[in-house]
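Notes for the structure review
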Amino acid sequence: MIFVTGATGRVGGKLVESLLRSGKRVKVLVRNPQKATIYQALGVSVFLGDLNQSDRLEEALWGCDRLFSIPPNTMNQAEQEIQLYQAAKRAEIRHVVKLSTVKSDPESPCQFFKQHAIAEQYLKQSGIKFTILQTNSFMQNFLWFAHEMKTKGTLALPMRDAKTVPIDIRDVVRVGSAILTEEGHEGKTYNLTGSELLSLQEIAEKLSIVANQKITYIDASPLDFKQTLIRLGVPEWFAEAVTTSWQIASKGRPTLTDTVTKVGREQPITFNEFAWDYKAIFT
Ligand SMILES: NC(=O)c1ccc[n+]([C@@H]2O[C@H](COP(=O)([O-])OP(=O)(O)OC[C@H]3O[C@@H](n4cnc5c(N)ncnc54)[C@H](OP(=O)(O)O)[C@@H]3O)[C@@H](O)[C@H]2O)c1
């Protein structure tokens, strides 16, 4: 049985669906009883609990032999993950797959990237068999800006004219499902990207066609971007981490990888395909 954390989130929801379709038995950690009932109705085993309840995590993992860890972006993410992996060791989990980021770096000024790196380091020396999925930014992140694009016709991000290699969450799930259901991926760290290097200008042009409305990319200043997030109700530390993550991306030189094709055995979903699939949200 495969244990999934973050199962009510964007990646986790699709991962559980995919595992159920391939006939796997799945157990999920869910903290909200209402969300739990949806999974129960699908025949998924549910453990009602929270990653912060470290003393209950071993019990949560009972009956499972593999763990797919989708950590939430919290201030104590690394601590939550380390406690989960300690519990996994006690529960004799034989393989942990960890969702991480390609920008994972213990010295990173971005909290998200730093926390992932600390958790990765712990997992690698834990003695548990592991696979780490360092993924690029998700195409689905652009759904967060759909309202701005529809109402103002702009896409304002602090990305300068840098290129990015966004990946569709469905491809992350394809790779994750393959790793959980086949042998041979233990001890590996995979870098996952989409198939195209795209500037934000190019992304805005593609979205303009799908939305049938001109969307103009604006190279926002980091400060303006952060203030906008705070005005939208995002906590200060989270707004800072999101802003810093875009700033780091704006200075990077991303490279394409073929992990989705090799491990997921399909060509990555293109940005156009993603945009048309989510047309209803962009229009
Ligand atoms: N966004 C990107 O471009 C990108 C790129 C690379 C890697 N990542 C990584 O992807 C991960 C996020 O995945 P996602 O977008 O699928 O997540 P998400 O949609 O934000 O969902 C977060 C999940 O974590 C659960 N959760 C939050 N706090 C919890 C707690 N204390 N105990 C138990 N569960 C808790 C949430 O449960 P509730 O439903 O109860 O809230 C939800 O299921 C992060 O590690 C992020 O760094 C993201």
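Residues numbered from 1 in each chain as written. Predicted model: local features only at pLDDT ≥ 70, side-chain atom pairs only at ≥ 80, totals over all residues.

Each helix and strand in the protein was counted, giving 13 helices and 11 strands. Taken over the C-alpha trace, the protein has a radius of gyration of 19 Å; the compact-globule value for 283 residues is 19 Å, and the two agree within 12%. Along the first, second and third principal axes, the C-alpha atoms of the protein reach 55 × 35 × 35 Å. For the protein, with 283 residues in total, the buried portion stands at 42%. For the protein, contacts bridging at least 24 residues in sequence account for 74% of all contacts bridging at least 6. (Helix = DSSP H or I, 4+ residues; strand = E, 2+ residues; numbered from the N terminus. Rg over C-alpha atoms; globule rule 2.2 N^0.38 Å. Buried ≥ 20, exposed ≤ 12 C-beta atoms within 10 Å, placed from the backbone. Contact = placed C-beta atoms within 7 Å.)

This part is about the domain arrangement of the protein. For the protein, the domain assignment lists domain 1 (2-135) and domain 2 (136-167 + 193-255 + 266-283). The centre of domain 1, based on its C-alpha atoms, is set 26 Å off from the matching centre of domain 2. Every contact between the two is made by 10 residues of domain 1 and, on the other side, 8 residues of domain 2. At 3 residues, the largest contribution of residues to the side of domain 1 that touches domain 2 is made by helix α5 (residues 111-124). Along the lines of polarity and charge, the residues of the side of domain 1 that touches domain 2 split into 6 nonpolar, 2 polar and 2 charged. (Domains from an automatic or database assignment. Nonpolar A, V, L, I, M, F, W, Y, C, P; charged D, E, K, R; others polar.)

Attention now goes to the site of the ligand. The local shell around the ligand holds 26 residues, among which Thr 8, Gly 9, Val 11, Leu 51 and Pro 72 are the closest. Contributing elements (two or more residues each) for the shell around the ligand: α1 (10-21) and β5 (95-101). Taken together, the residues of the shell around the ligand sort by class into 10 nonpolar, 12 polar and 4 charged. Counting residues domain by domain, the shell around the ligand receives three or more from each of domain 1 (2-135) and domain 2 (136-167 + 193-255 + 266-283). (Near = placed C-beta within 6 Å.)

For the rest of this paragraph, the subject is the nonpolar core. Core analysis: the largest hydrophobic core is formed by 73 residues, its most contacted members being Val 4 and Val 28. Broken down by element, the residue count for this core peaks at 6 residues, all from helix α7 (residues 169-181). When we break this core down by domain, the ones giving at least three residues each are domain 1 (2-135) and domain 2 (136-167 + 193-255 + 266-283). Setting aside residues no more than four positions away along its own chain, Val 28 makes contact with Val 4, Ala 7, Val 16, Tyr 39, Val 44 and Val 46. (Core = buried A, V, L, I, M, F, W, Y, C linked by C-beta atoms within 7 Å.)

Moving on: α7. With 13 residues, α7 extends 18 Å from end C-alpha to end C-alpha; this agrees with the ideal 18 Å at 1.5 Å per step. Summarising burial for α7: 11 of the 13 residues are buried, a large majority. Buried within α7 we find Ile 169, Arg 170, Asp 171, Val 172, Val 173, Arg 174, Val 175, Gly 176, Ser 177, Ile 179 and Leu 180. (Expected span 1.5 Å × (residues − 1).)

For the rest of this paragraph, the subject is the sheet that holds strand β3 (residues 45-48). Spatial ordering of the open sheet is given by β3-β2-β1-β4-β5-β6-β9, a layout of 7 strands whose pairing is parallel. Of all strands in the sheet, those bounded by a partner on one side alone are β3 and β9 (188-192). Across this sheet, the average inter-strand angle for adjacent strands is 20 degrees, counted without regard to direction. With 4 bridges connecting them, strand β4 (residues 66-69) and β5 associate as parallel partners. (Pairing = 2+ DSSP bridges. Axes fitted to C-alpha atoms, helices over the stretch in contact; angles between N-to-C directions.)

Direction of pairing for strand β1 (residues 2-4) relative to β4: parallel, over a ladder of 3 bridges. Residue pairing for β4: Val 4 is matched across the bridge by Phe 68. At this point the chain moves from β4, through helix α4 (residues 77-90), to the parallel β5, and the crossover so formed is right-handed. (Right-handed = clockwise from strand over helix to strand, strands pointing away.)

Attention shifts here to the packing of α4 against α5. In contact at an axis separation of 8 Å, α4 and α5 are set at 20 degrees when each is read in the N-to-C sense. In terms of axis orientation, α4 runs roughly parallel to α5. In the crossing of α4 with α5, the sense of the turn from one axis to the other is right-handed. Counting all contacts with α4, which are made through Gln 77, Ala 78, Glu 81, Ile 82 and Tyr 85, the residues of α5 involved are Gln 115, Ile 118, Ala 119, Tyr 122 and Leu 123. Looking at the contact of α4 with α5 residue by residue, the class counts come to 7 nonpolar, 2 polar and 1 charged. (Parallel < 35°, antiparallel > 145°, perpendicular 65-115°, else oblique. Left-handed = near helix turned anticlockwise from the far one by under 90°.)

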